[in-house]
Number of protein chains: 4
Amino acid sequence: MKRNKPKYKQIIDAAVIAIAENGYHQAQVSKIAKQAGVADGTIYLYFKNKEDILISVFQEKMGVFVDNLQDIIKNESSSSEKLTQMIENHFQVLAKDHHLATVTQLELRQSNKEIRLKINAILKEYLALLDQILIEGMLSGEFNTTMDVRLARQMVFGTVDEITTTWVMSDYRYDLVALAPKVTQLVLNGLKA
Amino acid sequence: MKRNKPKYKQIIDAAVIAIAENGYHQAQVSKIAKQAGVADGTIYLYFKNKEDILISVFQEKMGVFVDNLQDIIKNESSSSEKLTQMIENHFQVLAKDHHLATVTQLELRQSNKEIRLKINAILKEYLALLDQILIEGMLSGEFNTTMDVRLARQMVFGTVDEITTTWVMSDYRYDLVALAPKVTQLVLNGLKA
Amino acid sequence: MKRNKPKYKQIIDAAVIAIAENGYHQAQVSKIAKQAGVADGTIYLYFKNKEDILISVFQEKMGVFVDNLQDIIKNESSSSEKLTQMIENHFQVLAKDHHLATVTQLELRQSNKEIRLKINAILKEYLALLDQILIEGMLSGEFNTTMDVRLARQMVFGTVDEITTTWVMSDYRYDLVALAPKVTQLVLNGLKA
Amino acid sequence: MKRNKPKYKQIIDAAVIAIAENGYHQAQVSKIAKQAGVADGTIYLYFKNKEDILISVFQEKMGVFVDNLQDIIKNESSSSEKLTQMIENHFQVLAKDHHLATVTQLELRQSNKEIRLKINAILKEYLALLDQILIEGMLSGEFNTTMDVRLARQMVFGTVDEITTTWVMSDYRYDLVALAPKVTQLVLNGLKA
DNA sequence: CATGAATGAGATTTCATTCAT
DNA sequence: AATGAATGAAATCTCATTCAT
């Protein structure tokens, strides 16, 4: 399995750095290879083509979000508490890795439709977990039982995403994680029963 | 003033169509020229470069949003009512022009950081009006007076934007405007005092 | 019609020279462009891709053979005389243009199957004219009336082609046209009634 | 001597199959190795480089033609009879092995000048035997004593080769060996005194 | 004003060959 | 002897922009 070989992750990480530092369209395969400390051709032993690198980057990194969120859901806390943790986790992961934040919020969105569709498919797993929390909260009576789950999810994700993107475009000039409580409050207010 | 000559708008509209039908990266200057019924070189009599076309597209089209929102603000209605109208107007304008919706929600976001920064600058006027409504609502006691206006604005815009994008990616399969009341409710809930 | 613009023929001729001097695989588009005195990109205003250049080279040059052969067939001479003229013409055209001879006999044969199939299709017109001469000669009783026309044609063409290729591989060390009478004699002997 | 080790022939045969099935330009060293059931690197223990494989393929396979032709020449039959047998043998060997026919008639000819010169050198042995038959026939008075032996040989080989190639390009749709008598007749007619 | 032919820089990917194990 | 992971050079084609007419 290529996915477990050390060079696989090495190239993924190099891609994040290369894209963050050069921008999506200026992150040529040769730059990624150089950053990874391998020859250009080596890239193609681990990835089918450049598109495959980009999608794999998103997939591997998104995995952290999904794994964390799955842990959060398993908690015995309330749905509100879970949503609070989700937002904080989302901010924390990105605040800890500015390169990753730039790549997911700005650079990867410049990719063509085909890649974006694949990225969206990966994102769905994360959004499904978010739906789980919302539905749970509705069943328990914590959240408004008459709301449209899909719209509610889009509000939560849209809010978190917009705030993160604005933070990245500001060049990380302020503390994203510190905003979590206020963001959570706004969002929970919108959802509450 | 080039902006008022007939070919200027002709090219702008051609760009929207060319981008919507071909995608951002496949909307070459020659395609825009052909769609506009002018020679490639003619484009450069009205625009400095391709970037200038794209930014102008956003600028011209954004004008409608801003004009409508200014009218809404002048109303004598409550802040909640103004926000309600803003969301409905946002949805209505895009629901009426699928080409424009595709271009602003999907295609133009594939542009590079530089263009996106300029687009954000144009967007600011719209967001400033949104801020006005929010502040007004806080002063009047309709909205939570302790909230962070910037975050609140990002929640409103992020929600509306995410819902619109999802609708575009679904190929306009449902009625966007019909969602307005529920979206408004979610958002107003989040903001309310 | 691109085919009649001066640059079209200019590029075709440049391709013959570039291929003859550098070999098929070393005749990069940039070399052809340089030889033609145009920019690389200009090539693509006249040809769809590199393959299109190569096929067009063959087509344009083969045209001379076909045109000459059509004139020969219109003569009032005997079929033997026509065949004699065909062979002499074939040798003369190639003997006059060593570059062309190298390209058709050696270099163009290194192309891939797809291109070779298209080249063969072009060649068919020439071979059809040869068939005409053979059939005419059989009907008039000059040639063996029991022979298989297809095999006879393959003998004539195979002989002429092999002799030409050998001459090219010898670096044109002898006079190809001077061989025509003897070659004709061999071939006519094979065909005679 | 590497030539006698089992893996040598194994690789040669694998090369014929790989080239026949994938085409000359798509028969990468790795494909030949896979077909042979050895590692890529192993190839280089038996062959200097890829060119060496191709030339060796031709050399090894040409050996059969030469051996058969030497047997034929030793016969006590007439020169016409020997030529008859030569043509039939040529057709039979290739008709029995379609892979080999494709490789020698189509694929190997896509190689560059350098390789083709080396292939021609190998072919010379076969052509020298053909010359022997022709000279013998001239001395015995069977063949035209005034003809140019070199041209006569090129006629015979050119004819046989062209007919074989046409058969291969037709996808072996008809019986090549069945053509032998008619081909022989055409050729012998051309040569006869 | 308008045209459109010409320009030329720039990047992904393949594959023969090597060499440490 | 055998392996196969790693190397890295090299070429087609696109497209924003210019400028002579």
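In this convention, every chain numbers its residues from 1, walking through the sequence in written order. As a convention, the first chain written is A and the first ligand written is 1, with the rest following in written order. Per-residue local features are limited, in this predicted model, to residues with pLDDT of at least 70; the limit for side-chain atom pairs, both in listing and counting, is 80 or more; totals at the level of whole chains, interfaces and linings are taken over all residues. Excluding hydrogens and water, the side-chain values take into account all heavy atoms of the structure.

Q: I would appreciate a short explanation of the relation of the copies chain B and chain A in the present structure.
A: Two chain copies here: they are related by a rotation about an axis and a translation along the same axis. A residue counts toward the fit only if its pLDDT is at least 70 in both copies, and the copies are then superposed by least squares on the C-alpha atoms of those residues. For the pair chain B and chain A, the superposition axis carries a translation of 0.3 Å, the fit reaches an RMSD of 0.3 Å, and the rotation angle comes to 179°. Expressed as an axis order, the relation between the two copies is that of a two-fold axis.

Q: Any chance you could explain the UniProt feature "DNA-binding region" (unreviewed entry) in chain A here in plain terms?
A: In the UniProt entry, the feature "DNA-binding region" (unreviewed entry) is given for residues 28-47 of chain A. For the purposes of this entry, the term helix denotes a DSSP run of H or I that reaches at least four residues, the term strand denotes a run of E that reaches at least two, and both are numbered from the N terminus. Annotated as residues 28-47 of chain A, this span is 75% helix and 0% strand, and its ends, taken at the C-alpha atoms, are 14 Å apart. UniProt positions are given in the numbering used here, feature names are shortened, and annotations may be inferred rather than shown by experiment.

Q: Looking at this structure, how should I read the protein's contact with DNA strand F?
A: Near, as used in this document, describes a residue that has one of its heavy atoms within 4 Å of the molecule or strand being considered. By nearness alone, 29 residues border DNA strand F, and Thr42 and Tyr46 of chain A, Gln28 of chain C together with Thr42 and Tyr46 of chain D come closest of all. Each atom of DNA strand F within 4 Å of the protein was assigned to sugar, phosphate or base; sugar and phosphate come to 73%. Between DNA strand F and alanine 39 of chain D, the relevant distance is 3.0 Å, taken from a phosphate oxygen to a main-chain nitrogen or oxygen of the residue. When contributions to the surface near DNA strand F are tallied by element, the ones reaching two or more residues are α3 (40-46) of chain A, α3 (40-46) of chain C together with α3 (40-46) of chain D. Side-chain atoms alone can form a polar contact between residues adjacent in sequence; in general such a contact is a pair of N or O atoms within 3.5 Å, and within protein one must be able to donate a hydrogen while the other accepts it.

Q: Would you mind showing me how to read helix α2 (residues 29-36) of chain D here?
A: Think of an α-helix as turning once every 3.6 residues; residues three or four places apart then point the same way. Residue and element names in this part refer to chain D. Taken together, the buried positions of α2 are occupied by Val29, Ile32, Ala33 and Ala36. Along α2, the residues classed as buried sweep out an arc of 100° about the axis, all on the same side. By definition, residues are in contact when any of their heavy atoms lie within 4.5 Å. On its buried face, α2 sits against α1 (6-22), α3 and α4 (50-74). Following α2 by one or two positions, glycine 37 has its phi on the positive side, about 75°. Accessible area is worked out with a 1.4 Å probe on protein chains only. A residue is then buried under 20% of its type maximum, exposed over 50%, and partly exposed in between. Here the arc refers to the directions that run from the helix axis out to each C-beta atom.

Q: Help me out: how do you make sense of the interface of chain B and chain A in this one?
A: Often, the extent of an interface is quoted as the loss of accessible area upon association of its parts. Facing the 36 residues of chain B at the interface are 37 residues of chain A. Note on definitions: buried area is the accessible-area loss of two parts on being combined, 1.4 Å probe, summed for both. Here chain B and chain A share an interface that buries about 3100 Å² over both sides, 60% of which is from carbon and sulfur atoms. In terms of surface lost to chain A, no three residues of chain B exceed Leu151, Gln154 and Leu186 of chain B, which account for 20% of the buried area on that side. Salt bridges are defined as contacts in which a side-chain nitrogen from Lys or Arg sits within 4 Å of a carboxyl oxygen from Asp or Glu. The tally of links from chain B across to chain A stands at 0 salt bridges.

Q: Would you mind going over helix α7 (residues 113-139) of chain A with me for this structure?
A: All names here are of chain A. The length a helix should cover is 1.5 Å for every residue beyond the first. Here α7 is 27 residues long and its end C-alpha atoms lie 37 Å apart, about the 39 Å a rise of 1.5 Å per residue gives. Bend, in this description, refers to the angle at a residue between axes fitted to the seven residues ending there and the seven starting there. Where α7 bends most, at lysine 124, the angle is about 30°. Phi turns positive one or two residues past the end of α7, at glycine 141, with a value near 85°.

Q: When you look at the protein's contact with DNA strand E in this model, what are you seeing that I'm missing?
A: Neighbouring residues of DNA strand E: 28 residues in total, closest Gln28 of chain A, Lys5 and Thr42 of chain B together with Thr42 and Tyr46 of chain C. Each atom of DNA strand E within 4 Å of the protein belongs either to a base or to sugar and phosphate, the latter forming 73%. Residue tyrosine 46 of chain B places a side-chain N or O atom 2.8 Å away from a phosphate oxygen belonging to DNA strand E. Lysine 50 of chain D is positioned with one of its backbone polar atoms (N or O) 2.9 Å from a phosphate oxygen of DNA strand E.

Q: Mind showing me how you'd approach the interface of chain C and chain D here?
A: In this complex, chain C contributes 37 residues to the contact, which on the side of chain D involves 36 residues. Taken over both partners, the interface formed by chain C and chain D buries close to 3100 Å², and the fraction arising from carbon and sulfur atoms is 60%. Three residues stand out in chain C for area buried against chain D, namely Leu151, Met169 and Leu186 of chain C, and they jointly supply 20% of the buried area on that side. On the surface where chain C and chain D come into contact, there are 0 salt bridges. Counting only elements with at least two residues in the side of chain C that touches chain D, the list comes to α6 (98-107), α7 (113-139), α8 (149-169) and α9 (180-191) of chain C. With 12 residues, the top contributor of residues to the side of chain C that touches chain D is α8 of chain C.

Q: Any chance you could explain the relation of the copies chain C and chain D here in plain terms?
A: Turning chain C through 179° and shifting it by 0.3 Å along the axis lays it on chain D, with an RMSD of 0.3 Å. By residue overlap, the copies meet face to face through one surface: 97% of the interface positions of chain C are interface positions in chain D.

Q: Looking at this structure, how should I read the packing of aromatic side chains?
A: The geometry of an aromatic ring pair is captured by two quantities: the separation of the ring centres and the angle between the planes. Side-chain rings of Phe, Tyr and Trp, where Trp is taken by its six-membered ring, are said to pair if the distance between their centres is within 6.5 Å; with planes under 30 degrees apart they count as stacked, over 60 as edge-to-face, and otherwise as tilted. Overall, the coordinates contain 12 aromatic pairs over all chains when judged by the stated rule. Ring plane angle 20° and centroid distance 5.0 Å describe the contact between tyrosine 8 of chain A and phenylalanine 47 of chain A, whose orientation is recorded as stacked. Of the two residues, tyrosine 8 of chain A is situated in helix α1 (residues 6-22) and phenylalanine 47 of chain A in the loop between α3 and α4 (50-74); the sequence distance between them amounts to 39 residues. Judged by its relative accessible area of 2%, phenylalanine 47 of chain A falls in the buried class. A ring pair is formed by tryptophan 167 of chain B and tyrosine 172 of chain B, whose centres lie 5.1 Å apart and whose planes are at 65°; its orientation type is edge-to-face.

Q: Help me understand unusual backbone geometry in this model?
A: Glycine aside, a negative phi is what most residues show, and trans is what most peptide bonds show. Despite not being glycine, aspartate 171 of chain C shows a phi value in the positive range, around 65°. As for its placement among the helices and strands, aspartate 171 of chain C is situated in the loop between α8 and α9. For tyrosine 172 of chain D, which is not glycine, the phi torsion reads 55° and is therefore positive. Of note, tyrosine 172 of chain D is situated in the loop between α8 (149-169) and α9 (180-191).

Q: I would appreciate a short explanation of the packing of helix α9 (residues 180-191) of chain A against helix α9 (residues 180-191) of chain B in the present structure.
A: Any two packed helices are characterised by how steeply their axes cross, that is the angle between the axes, and by the distance between the axes. The N-to-C vectors of α9 of chain A and α9 of chain B enclose an angle of 130°; their axes lie 6 Å apart at closest approach. The pairing of α9 of chain A with α9 of chain B is recorded here as oblique in orientation. Handedness of the α9 of chain A/α9 of chain B crossing: right-handed. Of α9 of chain B, the residues touching α9 of chain A (which contributes Leu186, Asn189, Gly190 and Leu191 of chain A) are Leu186, Asn189, Gly190 and Leu191 of chain B. Broken down by class, the residue content of the contact of α9 of chain A with α9 of chain B amounts to 4 nonpolar, 4 polar and no charged. Think of each axis as a best-fit line through the C-alpha atoms, taken over the contacting stretch in the case of a helix, with angles from 0 to 180 degrees between the N-to-C directions. Here is the rule for angles: anything less than 35 degrees is roughly parallel, anything more than 145 is roughly antiparallel, 65 through 115 is roughly perpendicular, and the remaining ranges are oblique. Working rule for handedness: look at the near helix, and if it is turned counterclockwise from the far one by less than a right angle, call the crossing left-handed; if clockwise, right-handed. In this classification, the charged set is Asp, Glu, Lys and Arg, the nonpolar set is Ala, Val, Leu, Ile, Met, Phe, Trp, Tyr, Cys and Pro, and all remaining amino acids, among them Gly, are polar.

Q: Just checking my understanding: could you explain the packing of helix α5 (residues 79-96) of chain C against α7 of chain C for this structure?
A: All names here are of chain C. At their nearest, the axes of α5 and α7 sit 8 Å apart, and the two run at 155° to each other. Taken together, α5 and α7 sit at an angle that is classed as roughly antiparallel. Of the residues in α7, those in contact with Ser79, Lys82, Leu83, Met86 and His90 of α5 are Tyr126, Leu130, Ile133, Glu136 and Gly137. In terms of residue class, the contact of α5 with α7 is built from 5 nonpolar, 3 polar and 2 charged.

Q: Explain the side chain of glutamine 105 of chain C here, please?
A: Locating glutamine 105 of chain C in the fold gives a position in helix α6. Using a relative accessible area of 5% as the deciding quantity, one classes glutamine 105 of chain C as buried. Among the polar contacts made by the side chain of glutamine 105 of chain C, one reaches the side chain of threonine 165 of chain C at a distance of 2.8 Å. Contact partners of glutamine 105 of chain C, with chain neighbours within four places excluded, come to Leu94, Asp161, Thr164, Thr165 and Val168 of chain C together with Arg116 of chain D.

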